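Spelled out from the first residue to the last, the chains are:
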Amino acid sequence: MLFQTAVASVFLLNFRFGSALTVAVMAVAVIWPGALAPEVQMMMTATAWSDRSSVSFVKIRYAG
């Protein structure tokens with residue numbers, strides 16, 4: 001006999017690597033203003049925006 005358990009909650013977290021790269025470039029630009037040329041900053045930001053790679057985390061909690 002099969003029992004069906006009700007789902008109490010679902011949590012989904014999707015973290016894009018492009019977002020982390022953009023934050024890192026902005027932090028370097030603020031901390032060391034002359035470290036990266038503006039062209040490099042623009043290229044890395046454009047690459048990060050077009051990158052669709054990500055890490056997903058799904059947590060499902062069952063009732064009962």
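Throughout this description, residue numbers start from 1 for each chain and increase along the sequence as written. Per-residue local features are limited, in this predicted model, to residues with pLDDT of at least 70; the limit for side-chain atom pairs, both in listing and counting, is 80 or more; totals at the level of whole chains, interfaces and linings are taken over all residues. Just so you know, side-chain values use all the structure's heavy atoms and leave hydrogens and water out.

Description of the confidence of the model for the chain
Using the following cut-off: Confidence of the prediction at every residue is given by pLDDT, a number between 0 and 100. The secondary structure listing takes helices from DSSP runs of H or I that are at least 4 residues long and strands from runs of E that are at least 2 residues long, numbered from the N terminus.
When pLDDT is averaged along the chain, the result is 78, and 91% of the positions lie at 70 or above. Summarising per-element confidence for the chain, the mean pLDDT is lowest in helix α2 (residues 38–50) (77) and highest in strand β2 (residues 54–62) (82).

Some remarks on helix α1 (residues 17–31)
Here is the rule we go by: Expected span, for any helix, means 1.5 Å times one less than how many residues it has. Buried residues are those whose accessible area, probed at 1.4 Å on protein chains only, stays under 20% of the maximum for their type, while exposed residues exceed 50% and partly exposed ones sit between those limits. This arc corresponds to the set of directions leading from the helix axis out to the C-beta atoms. Working rule for contacts: check all heavy atoms of both residues, and any pair within 4.5 Å makes them a contact.
End to end, α1 covers 21 Å across 15 residues, agreeing with the expected 21 Å (1.5 Å per residue, within 8%). Among all positions of α1, only Gly18, Thr22 and Val25 are buried. Taken end-on, α1 shows its buried residues confined to a sector of 65°, consistent with a single buried face. Of the exposed residues in α1, those oriented more than 90 degrees away from the buried face are Val23, Val30 and Ile31. Close packing links the buried residues of α1 with β1 (7–16) and α2.

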